[in-house]
Amino acid sequence: MSTHALHDMTVAELSTALAQKSVSAVEITQHLLTRAQADTSGSFLNLNAEAALAQARRADARRAAGQGGALEGVPLAHKDIFVTRDFPTTAGSKMLQGYRSPFDATVVRRLGVEGAQDDAQASGGAGMVCLGKLNCDEFAMGSGNENSAYGPVRNPWDATRVPGGSSGGSAAAIAARLVPAATGTDTGGSIRQPAGFCGITGIKPTYGRASRYGMIAYASSLDQAGPMARTAEDCALLLSAMCGPDPDRDSTSLDVPAEDFTRHLADPLEGLRIGIPAEFFGPGLADDVRAALETALSALEKLGAQRVPIHLPLTELAIPAYYIIAPAEASSNLSRFDGVKFGHRTPNPVDLLDMYKKSRAEGFGAEVKRRIMTGTYVLSHGYYDAYYLQAQKIRRKIADDFQNAFQQCDVIAGPVAPTVAWHLGQNASDPVADYLADIFTLPASLAGLPGLCTPAGFGAGGMPVGLQLIGNYFAEARLLNVAHRLQQVTDAHTRKPQGV
Amino acid sequence: MSLTLSDMERIANLARLELLPDEAAQALDKINGFFNLVEAMRQVDTTDVVPLAHPIEVVQPMALRLRTDAASEPNAREANQQSAPAVERGLFLVPKVIE
């Protein structure tokens with residue numbers, strides 16, 4: 001096998017090549033590290049060749065001994081919101097510059113190399129080799145990866161455009177063939193929207209499926225981890241390893257056993273009812289996005305699916321509801337950054353209060369401060385009922401609307417965003433413009449439903465367009481099945497940016 | 001309704017954030033821009049709607065889990081303090097609190 005093709009291979013293809021011993025984990029890791037080191041897109045915040053190669057050697061040894069599963073030795077990289085012992089963790093914030101976690105996140109451990117660590121934490125990992133950490137919006141607050149304290153990420157399809165966010169580094173690195181797969185987190189669309197903007201596949205499972213332990217908290221009732229890769233099959237492989245109960249470490253981890261999400265990939269789509277919400281296809285949707293979605297939906301119809309018109313009447317109100325609930329939770333979660341136990345501390349504080357205020361003012365970026373302020377305000381005395389409680393009631397109504405819709409359909413399809421990726425700096429002076437662009441991903445987030453994004457085609461400027469599929473609770477296997485069948489009859493997911 | 005600069009000062013204090021005057025003015029502008037969106041949400045009649053605090057409630061009864069009262073974490077003081085801004089003899093240092 002020629003090494004120049006290694007970066008074009010999917011997780012499934014690499015898995016097969018490793019099983020056939022036509023390539024070693026060390027060779028793949030070395031090849032991808034060389035590419036990542038030469039990259040100028042800003043996707044990686046940290047690479048650790050030594051740690052990655054040590055993991056790869058261990059994976060090769062396990063394969064040689066006949067041990068390890070399908071993912072053993074296949075490289076990936078983690079969004080820098082997951083804490084890791086082998087790499088610094090920043091959450092894209094100056095607040096955590098140089099921070100080193102004493103433990104690995106559960107998701108990191110589940111995907112990682114068994115025995116890579118010398119303590120009780122090391123058990124039962126899937127054996128993937130971690131190359132490094134990927135850029136993201138500061139504390140996952142953003143839709144374009146422009147809020148990272150370590151600079152923006154450039155979209156591999158057009159370096160003047162954003163990759164989406166907040167998992168922008170993950171999406172860009174996969175599209176640029178730097179890694180075959182990566183982890184992401186999705187609070188209001190942060191896996192699905194960057195997957196759409198970069199022409200890859202990503203899935204956010206049902207809230208509570210994947211452990212939040214070691215995932216730096218933004219909005220705890222919304223945050224959920226998920227895989228990003230080029231194909232639905234690869235996402236299914238990773239998701240199977242990521243999910244499962246973590247009752248002792250995450251109080252909101254669902255008591256639902258891990259499952260093999262690849263088992264229904266090839267199922268036929270005959271009779272599948274695809275709900276088309278009128279509110280997702282209104283005048284706010286760009287024509288190029290609409291046209292690409294139409295192509296993908298027609299392809300699904302040829303596979304035997306049928307479209308069913310449905311309504312999600314409160315779609316627009318998902319924006320204010322989300323941008324009240326998420327900042328409220330963020331203001332509480334981020335109160336831990338006080339300059340005492342970890343994180344930035346101002347150099348010469350006058351007293352304790354001065355230390356808190358200055359450390360936080362210096363460590364947090366502008367958008368994070370705005371969300372902390374908004375959250376503090378809506379939770380403050382006299383405003384709680386009018387804002388926070390009302391937002392939670394809207395949240396209930398949105399969740400109920402989905403249940404009504406699922407009486408009529410099996411999955412719901414729509415855009416992930418109203419337009420293709422916007423230009424860097426375009427919304428810099430108007431954060432509300434970014435908020436409005438989240439309209440199609442926020443409803444499923446508020447309801448805690450699984451959502452997937454698969455490439456639908458291309459729009460203005462040759463930029464990728466994503467098709468969002470939303471399923472009912474625990475319907476991840478169905479979403480992956482629909483995306484996989486679509487990917488077997490279309491080629492948008494196989495196209496790559498010029499120069500890659 | 002719109003927030004004012006004095007609201008911003010009060011909120012910043014509650015949030016333990018030092019805001020410079022021009023920063024406060026900019027943030028005020030943007031936060032007020034967002035609250036224009038919120039007005040539509042406030043108009044919705046939600047009488048008798050039970051607030052949804054957590055999506056898990058839709059799937060299974062939301063009960064706080066308790067784990068067994070047993071030591072599960074090894075002592076990792078050094079690892080836990082490796083990223084601390086100021087440590088002395090295994091203790092976190094802060095500015096003097098008591099005179």
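Criteria and cut-off values
- Residues numbered from 1 in each chain as written.
- Chains lettered and ligands numbered in written order.
- Predicted model: local features only at pLDDT ≥ 70, side-chain atom pairs only at ≥ 80, totals over all residues.
- Helix = DSSP H or I, 4+ residues; strand = E, 2+ residues; numbered from the N terminus.
- Rg over C-alpha atoms; globule rule 2.2 N^0.38 Å.
- Buried ≥ 20, exposed ≤ 12 C-beta atoms within 10 Å, placed from the backbone.
- Contact = placed C-beta atoms within 7 Å.
- Core = buried A, V, L, I, M, F, W, Y, C linked by C-beta atoms within 7 Å.
- Expected span 1.5 Å × (residues − 1).
- Nonpolar A, V, L, I, M, F, W, Y, C, P; charged D, E, K, R; others polar.
- Pairing = 2+ DSSP bridges.
- pLDDT = per-residue confidence, 0-100.

This part takes up the overall build of chain A. Summing up its helical and strand segments, chain A has 15 helices and 11 strands in all. Computed over its C-alpha atoms, the radius of gyration of chain A comes to 21 Å, within 12% of the 23 Å expected for a compact globule of 500 residues. Along the longest, intermediate and shortest principal axes, the C-alpha atoms of chain A span 65 × 55 × 45 Å. For chain A, the proportion of its 500 residues judged to be buried stands at 62%. Considering only contacts in chain A between residues 6 or more positions apart, those separated by 24 or more positions represent 74%.

Right, let's talk about the overall build of chain B for a bit. Within chain B, the regular secondary structure consists of four helices and two strands. What you see in chain B, going N to C, is helices and strands ordered as α-α-α-α-β-β. Here chain B has a C-alpha radius of gyration of 23 Å; the compact-globule value for 99 residues is 13 Å, and the former is much larger. Over its C-alpha atoms, taken along the principal directions, chain B stretches across nearly 55 × 45 × 25 Å. Sorting the 99 residues of chain B into buried and exposed places 16% on the buried side.

With that settled, the discussion passes to the nonpolar core. Membership of the largest hydrophobic core comes to 171 residues, with the highest contact counts inside it found for A:A173, A:I174, A:V179, A:A321, A:I324 and A:L480. Setting aside residues no more than four positions away along its own chain, A:L480 makes contact with A:I203, A:A232, A:C235, A:A236, A:F261, A:L265 and A:L452.

To continue, consider helix α15 (residues 476–489) of chain A. All names here are of chain A. An ideal rise of 1.5 Å per residue puts 20 Å on 14 residues; α15 measures up with 21 Å between its terminal C-alpha atoms. Extensive coverage of α15 is indicated by the burial of 12 of its 14 residues. Among the residues making up α15, those that are buried are E476, A477, R478, L479, L480, N481, V482, A483, H484, R485, L486 and Q487. Elements in contact with the buried residues of α15: β5 (201–204), α7 (232–242), α8 (287–302), β9 (411–415), β10 (451–458) and β11 (464–471).

With respect to the helices and strands, the residue A:R345 is situated in the loop between α9 (318–333) and α10 (352–363). Given 20 C-beta atoms within 10 Å, A:R345 falls into the buried group. Between the C-alpha atom of A:R345 and that of A:M355, which follows or precedes it by 10 residues, the distance is 7.1 Å. Look past the residues within four positions of A:R345 in its chain and what remains in contact with it is A:G339, A:M355, A:S359 and B:P85.

With that settled, the discussion passes to unusual backbone geometry. Of note, the amide linkage connecting A:G165 to A:S166 takes the cis form, showing an omega dihedral of 10°. For A:S166, the location among the structural elements is in the loop between β3 (129–134) and α5 (168–175). Non-glycine residue A:K21 carries a positive phi angle of around 60°. As for its position among the elements, A:K21 is in the loop between α1 (11–19) and α2 (25–38). Here B:R89, not a glycine, exhibits a phi torsion of approximately 45°, which is positive.

When the parts of a complex come together, some accessible area is lost, and that lost area is often used as the size of the interface. Every contact between the two is made by 45 residues of chain B and, on the other side, 58 residues of chain A. At the level of elements, α1 (5–14), α2 (21–42), α3 (56–59) and α4 (77–81) of chain B are the ones that each hand at least two residues to the side of chain B that touches chain A. When residues in the side of chain B that touches chain A are grouped by element, the largest group, 10 residues, is from α2(B). Along the lines of polarity and charge, the residues of the side of chain B that touches chain A split into 32 nonpolar, seven polar and six charged.

Residues and elements named next belong to chain A. Looking at the secondary structure, you find L71 in the loop between α3 (49–64) and β2 (75–79). In the structure, L71 is positioned 29 residues away from G42 in sequence and 27 Å away in space, judged by C-alpha atoms. Those residues within four positions of L71 in sequence are excluded, and the remaining contacts are S15, A126, G127, M128, L237 and A241.

Residues and elements named next belong to chain A. Within strand β4 (residues 181–186), six of the six residues are buried, which leaves it mostly tucked inside the rest of the structure. Because side chains alternate across β4, one face comprises the buried residues A181, T183 and T185, and the other comprises A182, G184 and D186, equally buried. For β4 and strand β6 (residues 224–229), the ladder comprises six bridges, and the chain directions are antiparallel. Paired with T183 across the strands is P227, a residue of β6.

Moving on, we get to the confidence of the model for chain B. Caution applies to low-pLDDT parts of the model: their predicted coordinates are not meant to be read in detail. All names here are of chain B. Mean pLDDT over chain B works out to 90, with 99% of the residues at or above the 70 mark. Across chain B, the secondary-structure element scoring lowest on mean pLDDT is α3, at 82, and the one scoring highest is strand β1 (residues 87–88), at 96. Model confidence for the complex is summarised by a pTM of 0.96, with the ipTM given as 0.95.

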